[in-house]
Amino acid sequence: VQLVESGGGLVQPGGSLRLSCVASGFTFSSYDMSWYRQAPGKERELVATITSAGGSTNYADSVKGRFTISRDNAKNTVYLQMNSLKHEDTAVYYCKARFVLRVYWGQGTQVTVSS
């Protein structure tokens, strides 16, 4: 089982990034997918979730209207489009797959928002 995130980097405030998470080793289309983030000295927090078929999404209040989660089950990939980035969005971003009690995590990708 693997979840491999990519797309992180350094971006200026107000800029955009698109994170990707490619899954392998399990039936991706059966799993709800989420993005979490963890800033230095803080607990990991949920950013966004999308259900297995992509019919429902949920977002943290702090990112509503700026971030969009989506998935392509044919490509075993979940995305996080991040717009209007702020300094406080700086964190390591992780993707998570969940099916009932089975949970898998990726290794994370760093997003730094700085001028």
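Everything in this summary refers to the structure shown in the same document. (Residues numbered from 1 in each chain as written. Predicted model: local features only at pLDDT ≥ 70, side-chain atom pairs only at ≥ 80, totals over all residues. Heavy atoms only, no water.)

1. Remarks on the overall build of the protein chain
Tallying secondary structure elements over the protein chain gives zero helices and eleven strands in all. When its helices and strands are written in sequence order, the protein chain yields β-β-β-β-β-β-β-β-β-β-β. A globule of 115 residues ought to have a C-alpha radius of gyration of about 13 Å, and the protein chain, at 13 Å, matches this closely. Taken over the C-alpha atoms alone, the protein chain extends approximately 40 × 25 × 25 Å along its principal axes. (Helix = DSSP H or I, 4+ residues; strand = E, 2+ residues; numbered from the N terminus. Rg over C-alpha atoms; globule rule 2.2 N^0.38 Å.)

2. Points about the environment of threonine 90
Along the chain, threonine 90 falls in the loop between β8 (77-82) and β9 (91-99). Considering only alpha carbons, one finds threonine 90 and tyrosine 31, 59 residues apart in sequence, at a separation of 27 Å. Residue contacts for threonine 90: discarding those within four places in its chain leaves Ala39, Gln110, Val111, Thr112 and Val113. Only 3.0 Å separates the side chain of threonine 90 from the backbone oxygen of histidine 87, close enough to count as a polar contact. Among the polar contacts made by the side chain of threonine 90, one reaches the main-chain amide nitrogen of valine 113 at a distance of 2.9 Å. (Contact = heavy atoms within 4.5 Å. Polar contact = N/O pair within 3.5 Å; in protein donor to acceptor, adjacent residues only side chain to side chain.)

3. With respect to a nonpolar patch on the surface
Taken together, the side chains of Phe99, Val100 and Leu101 define a hydrophobic patch exposed on the protein surface, amounting to about 350 Å² of accessible area. Along the chain, phenylalanine 99 turns up in strand β9. (Patch = residues over 30% accessible without salt bridge, like charges linked within 9 Å, V, L, I, M, F, W, Y side chains within 5 Å. Areas by Shrake-Rupley, 256 points an atom, 1.4 Å probe, with all protein chains shown as cover. Salt bridge = Lys/Arg side-chain N within 4 Å of Asp/Glu carboxyl O.)

4. Section: the nonpolar core
By size, the foremost hydrophobic cluster in this structure holds 29 residues, and its most contacted members are Trp35, Val78, Leu80, Met82 and Tyr93. For this core, the elements supplying multiple residues, two or more each, are β3 (17-24), β4 (32-38), β5 (45-50), β7 (67-72), β8, β9 and β11 (109-113). In this structure, leucine 80 is in contact with Leu17, Arg18, Leu19, Trp35, Val47, Ala48, Phe67, Thr68, Ile69 and Tyr93, ignoring residues within four places of it in sequence. (Core = buried A, V, L, I, M, F, W, Y, C linked by side-chain atoms within 4.5 Å. Buried < 20%, exposed > 50% of the residue type's maximum accessible area, 1.4 Å probe, protein only.)

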